[in-house]
Amino acid sequence: MGFFDKKDAPEQAEEDREQVITRNARQAATFTRVAESQDGQLCLFMDTEGHLTAVRSSRLV
């Protein structure tokens, strides 16, 4: 088997892309707070896949 090329089957590629988006939209992410700044203005979170995200604490209210 070779690599899947969107040029070979654009309809199938679009359908696969839509399925992935739909599946991901249904799954809620799980985040864990990793760190917080000393002044409490910024929090660092990590998801289950190891991606890091920094968020201003004022956004969490």
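The shown structure was predicted, so the numbers you read here are calculated from the model rather than taken from an experiment. (Residues numbered from 1 in each chain as written. Predicted model: local features only at pLDDT ≥ 70, side-chain atom pairs only at ≥ 80, totals over all residues. Heavy atoms only, no water.)

Engineer: Quick rundown of the overall build of the protein? Include the residues and the values.
Structural biologist: From N to C terminus, the protein includes 1 helix and 3 strands. The order of helices and strands in the protein, counted from the N terminus, is α-β-β-β. Looking at the 61 residues of the protein, the share that counts as buried comes to 10%. Across the protein, contacts joining residues at least 24 apart in sequence account for 0% of those joining residues at least 6 apart. (Helix = DSSP H or I, 4+ residues; strand = E, 2+ residues; numbered from the N terminus. Buried < 20%, exposed > 50% of the residue type's maximum accessible area, 1.4 Å probe, protein only. Contact = heavy atoms within 4.5 Å.)

Engineer: Provide a residue-level description of the side chain of Asp 47, including the pertinent values.
Structural biologist: Topologically, Asp 47 is positioned in strand β2 (residues 42–47). A residue is classified by how much of its surface remains accessible, and Asp 47, at 17% relative accessible area, is buried. Of note is the side chain of Asp 47, whose polar atom sits 3.0 Å from the backbone nitrogen of Glu 49. One polar contact links the side chain of Asp 47 to the main-chain amide nitrogen of His 51, over a distance of 2.8 Å. Setting aside residues up to four positions removed in sequence, Asp 47 forms contacts with Thr 30 and Phe 31. (Polar contact = N/O pair within 3.5 Å; in protein donor to acceptor, adjacent residues only side chain to side chain.)

Engineer: Please provide a residue-by-residue account of the pattern of salt bridges, values included.
Structural biologist: Following the criterion strictly, the structure yields 1 salt bridge and no others. Across the pair Arg 33 and Glu 36 runs a salt bridge, and its minimum N-O distance is 3.0 Å. For Arg 33, a relative accessible area of 52% gives the class exposed. (Salt bridge = Lys/Arg side-chain N within 4 Å of Asp/Glu carboxyl O.)

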